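Inside the fold
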Amino acid sequence: SPAGMVLSVLVILLLSVLYEVVKMGKAVLLRRALLALPRSLSQEALAEPQEGDSDPTQGSPSLMAFPLSFPRWFWFHVGQTLFHMVQVVLGYMVMLAVMSYNAWIFLGAIAGSTLGYFM
């Protein structure tokens, strides 16, 4: 029916817009994750602990400071992973719709992708 086709095209258009929004959200989250990383790590923080050391953080301020910023970066990475999962699922859904070889569905996917990128 014509109403069903219009609804299908609108759903695909919205899925394509959402795909582009998620893609841009992932890029913003990556930028925030990079800003959350410590600016520099000394060689002491990267070196393995010596054999005689009982506690690797004793006497080394750089090793004590690094774990404080790690959880923030970790949660940004978890967010990026979730965004990536949503992006892949949406991409496959749009791809499957386009593989129906319907010209209107294809145009809806193209229009949605264009509109989502423009936003």
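Residues numbered from 1 in each chain as written. Predicted model: local features only at pLDDT ≥ 70, side-chain atom pairs only at ≥ 80, totals over all residues. Heavy atoms only, no water.

Taking an unreviewed UniProt entry as the reference, the protein is identified by name as Copper transport protein belonging to Hypocryptadius cinnamomeus. Among the UniProt annotations of the protein, the heading Sequence similarities (unreviewed entry) holds the following wording: "Belongs to the copper transporter (Ctr) (TC 1.A.56) family. SLC31A subfamily." (UniProt positions renumbered as here; feature names shortened; annotations may be inferred.)

1. Some details on the environment of Val11
Tracing the backbone shows Val11 in helix H1 (residues 2-36). In this structure, the C-alpha to C-alpha distance between Val11 and Gly112, residues 101 residues apart in sequence, is 9.5 Å. (Helix = DSSP H or I, 4+ residues; strand = E, 2+ residues; numbered from the N terminus.)

2. Observations concerning H1
Compared with the 51 Å implied by 1.5 Å per residue over 35 residues, the 51 Å span of H1 between its first and last C-alpha is a close match. All of the buried residues in H1 are Val9, Ile12, Leu15, Ser16, Val17, Glu20, Val22, Leu29, Ala33 and Ala36. (Expected span 1.5 Å × (residues − 1). Buried < 20%, exposed > 50% of the residue type's maximum accessible area, 1.4 Å probe, protein only.)

3. Examining unusual backbone geometry
Here the phi dihedral of Tyr101 falls at roughly 60°; this positive angle occurs in a residue that is not glycine. Assignment of secondary structure puts Tyr101 in the loop between helix H3 (61-98) and helix H4 (103-118).

4. Brief notes about the pattern of salt bridges
Across all of its chains, the model carries one salt bridge by this definition. We note a salt bridge from Lys23 to Glu20, for which the minimum N-O separation is 3.1 Å. On the criterion of helical spacing, the pair formed by Lys23 and Glu20 is a turn pair, its members being three residues apart in helix H1. (Salt bridge = Lys/Arg side-chain N within 4 Å of Asp/Glu carboxyl O.)

5. A look at a nonpolar patch on the surface
A grouping of Val88, Tyr92, Met95, Leu96, Met99 and Tyr101 is seen on the molecular surface, where their side chains present a nonpolar patch of about 680 Å² in accessible area. Looking at the secondary structure, you find Leu96 in helix H3. (Patch = residues over 30% accessible without salt bridge, like charges linked within 9 Å, V, L, I, M, F, W, Y side chains within 5 Å. Areas by Shrake-Rupley, 256 points an atom, 1.4 Å probe, with all protein chains shown as cover.)

6. Quick look at the UniProt feature "transmembrane region" (unreviewed entry) in the protein
UniProt records the feature "transmembrane region" (unreviewed entry) for residues 6-22 in the present numbering. Helix makes up 100% of residues 6-22 and strand 0%, with an end-to-end C-alpha separation of 24 Å.

7. Considerations on the nonpolar core
General note: in soluble globular proteins, nonpolar side chains tend to be found buried as a group. Formed by Val9, Ile12, Leu15, Val22, Leu90, Val94, Ala97, Ile105 and Ala109, the largest nonpolar core amounts to nine residues. Going through the elements one at a time, H1, H3 and H4 are the ones with two or more residues in this core. (Core = buried A, V, L, I, M, F, W, Y, C linked by side-chain atoms within 4.5 Å.)

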